[in-house]
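The chain contents come next:
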Amino acid sequence: MNGPVSVAGVSVAPGERRDLFPSASESYTGDRTTLPMAVINGTGDGPRVFVTAAVHGDELNGIAVCRALLDRLDPAELDGVVVVVPIVNVLGVQIGSRYLPDRRDLNRTFPGSHDGSMAARIARLLVEEVIDGSDVGIDLHTAANQRTNVPQVRVDTGDERARDLAVTFGAPFVLDARLRPGSLREAAGERGVSVLTYEGGGPLRFDDDAIDVATRGVLRVLNRLEMTDAAPPPAHPAPMVLHESRWLRAERGGLLELHVAAGDHLQEGQPLWTTSSPLGEERATHEAAEEGFVVGATTLPLVQPGQALLHVALPGDRVPAEDDPSEEEDEDFEDTDAR
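Residues numbered from 1 in each chain as written. Predicted model: local features only at pLDDT ≥ 70, side-chain atom pairs only at ≥ 80, totals over all residues. Heavy atoms only, no water.

Thoughts on the overall build of the protein
- A tally of helices and strands in the protein yields six helices and 22 strands.
- Rg of the C-alpha trace for the protein: 21 Å, near the compact-globule value of 20 Å for 339 residues, within the 12% margin.
- Expressed as lengths along the three principal axes of its C-alpha atoms, the size of the protein is roughly 70 × 55 × 35 Å.
- Here the protein, with 339 residues, has 54% of them falling under the buried criterion.
- Each charge sign in the protein was given a centre, from 30 positive and 56 negative side chains, and these centres are 7 Å apart. (Helix = DSSP H or I, 4+ residues; strand = E, 2+ residues; numbered from the N terminus. Rg over C-alpha atoms; globule rule 2.2 N^0.38 Å. Buried < 20%, exposed > 50% of the residue type's maximum accessible area, 1.4 Å probe, protein only. Lys, Arg positive; Asp, Glu negative; His and termini not counted. Charge placed at Lys NZ, Arg CZ, Asp CG, Glu CD.)

Here is the structure:
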């Protein structure tokens, strides 16, 4: 049998969900800023998993994913503990900014400190109350401003557990991604916690497909960890594991016409984009130098030399995502509450 779990000084009994609001910081007016989170403690023994979203305040898809998860997860039918933090960068979300009001990137501030900057204090709270004591984490992101990402999971593929869970997730692509200094994933890894970083869609909007892929993926990971009895079918049954990627950059400035889109399979020699001057008298077309997959793209039609336009990954291995411990699939899964 499972026992009680303590988060932010609150004890959550087996079979119980508690919504908590620990203090994270203060606004300029001195108003208390809280970090809302839900702790779902199952009735049976199992791992502890955290799900975080909006570490960057303009990346909103994960908020909708968290809400869908909270609608579906029943502590009476759960083994282990799930901690859901829908909005980590509360102040950034309020102003529609990737950053905190002091312009710091929260995802370059982990593990944080008790007496540092606003970002450092929020990071330290998340580390101590959510990451510490967890076994697995799922951190939900979108592309940065003026970009979009095809749904993908980024992990250290050398971490066998993370790689297996990333394939189980069922996104189209699994990227072998290096750790960023000061990131949530790096801080968690140093504590022995395997973290899947999900990227899908773009900022400041809800993308239905990216939300659906992520919602299915998180539920599939919980099932893979034997925390639930059923899993929805994967959004993509055979993800491709990619080990190398690079950004392709504009050689000339001007008006941009992309000839490919996020998710496209590229062939060597295929036209990728054309840039032209405002009057159209100067044009330059860039072609693919090798085979690859577009995993991210700019959404800005005006470019300068050196600007990143396409994130292209080299071909990898396709791995079935359906090899999980449960034979019972949730065939009636509908992500109706995602938004």
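Now that the structure has been shown, we can carry on.
Re the pattern of salt bridges
- Applying the stated criterion across every chain, the model contains eleven salt bridges.
- A salt bridge links arginine 17 to aspartate 19; the shortest N-O distance between them is 3.0 Å.
- The partly exposed category is assigned to arginine 17, whose relative accessible area is 37%.
- We note a salt bridge from aspartate 212 to arginine 216, for which the minimum N-O separation is 3.1 Å. Here arginine 216 and aspartate 212 lie together in helix α6 (residues 208-224), a separation of four residues that amounts to about one turn. In this pair, the class of aspartate 212 matches that of arginine 216, namely buried. (Salt bridge = Lys/Arg side-chain N within 4 Å of Asp/Glu carboxyl O.)

Describing the sheet that holds strand β18 (residues 283-287)
- The sheet built from four strands is open, its strands ordered β18-β17-β15-β20 with antiparallel pairing. At either end of the open sheet lies a strand with only one pairing partner, and these are β18 and β20 (302-303).
- With four bridges joining them, strand β15 (residues 254-258) and strand β17 (residues 271-276) adopt antiparallel strand pairing. Following the sheet pairing, leucine 258 is matched in β17 by tryptophan 273. (Pairing = 2+ DSSP bridges.)

A look at the side chain of serine 276
- Tracing the backbone shows serine 276 in strand β17.
- With sequence-adjacent residues up to four places away left out, serine 276 is seen in contact with Gly254, Leu255, Glu282 and Arg283. (Contact = heavy atoms within 4.5 Å.)

Describing helix α1 (residues 61-72)
- Helix length check: α1, at twelve residues, gives a terminal C-alpha distance of 17 Å against a target of 16 Å (1.5 Å per residue), a fit within 8%.
- Summarising burial for α1: nine of the twelve residues are buried, a large majority.
- Here α1 has its buried residues at Asn61, Gly62, Ile63, Ala64, Val65, Cys66, Ala68, Leu69 and Leu70. (Expected span 1.5 Å × (residues − 1).)

Some thoughts on unusual backbone geometry
- Cis peptide bonds are those with omega within 30 degrees of zero, and the linkage from phenylalanine 110 to proline 111 qualifies with 5°.
- Despite not being glycine, glutamine 146 shows a phi value in the positive range, around 65°.
- Of note, glutamine 146 is situated in the loop between β9 (136-141) and β10 (147-155).
- Positive phi outside glycine occurs at glutamate 226, with the angle close to 60°.
- With respect to the secondary-structure elements, glutamate 226 resides in the loop between α6 and β13 (240-242).

Re the packing of α1 against α6
- Running from N to C, α1 and α6 point in directions that differ by 45°, and their axes come no closer than 9 Å. Considering their axes alone, α1 and α6 lie oblique with respect to each other. Our pair here, α1 against α6, has a crossing hand that is right-handed. Between α1 and α6, the contacting residues are Asn61, Ala64, Val65, Ala68, Leu69 and Arg72 on the first element and Ala210, Ile211, Ala214, Thr215, Val218 and Leu219 on the second.
- Residues of the contact of α1 with α6, tallied by class, amount to nine nonpolar, two polar and one charged. (Axes fitted to C-alpha atoms, helices over the stretch in contact; angles between N-to-C directions. Parallel < 35°, antiparallel > 145°, perpendicular 65-115°, else oblique. Left-handed = near helix turned anticlockwise from the far one by under 90°. Nonpolar A, V, L, I, M, F, W, Y, C, P; charged D, E, K, R; others polar.)

What about the packing of helix α4 (residues 160-169) against α6?
- Between α4 and α6, whose axes approach to 8 Å, the crossing angle comes to 130°. It follows that α4 is oblique to α6 by the angle criterion. As α4 runs across α6, the sense of the crossing is right-handed. Contact residues: Asp164, Leu165, Thr168 and Phe169 in α4; Val213, Ala214, Gly217, Val218, Arg220, Val221 and Arg224 in α6.
- Tallied by class, the residues present in the contact of α4 with α6 amount to six nonpolar, two polar and three charged.

Some remarks on the environment of aspartate 209
- Following the sequence through the fold, aspartate 209 ends up in helix α6.
- A residue is classified by how much of its surface remains accessible, and aspartate 209, at 44% relative accessible area, is partly exposed.
- When the C-alpha atoms of aspartate 209 and methionine 227 are compared, they prove to be 25 Å apart, with 18 residues separating the residues in sequence.

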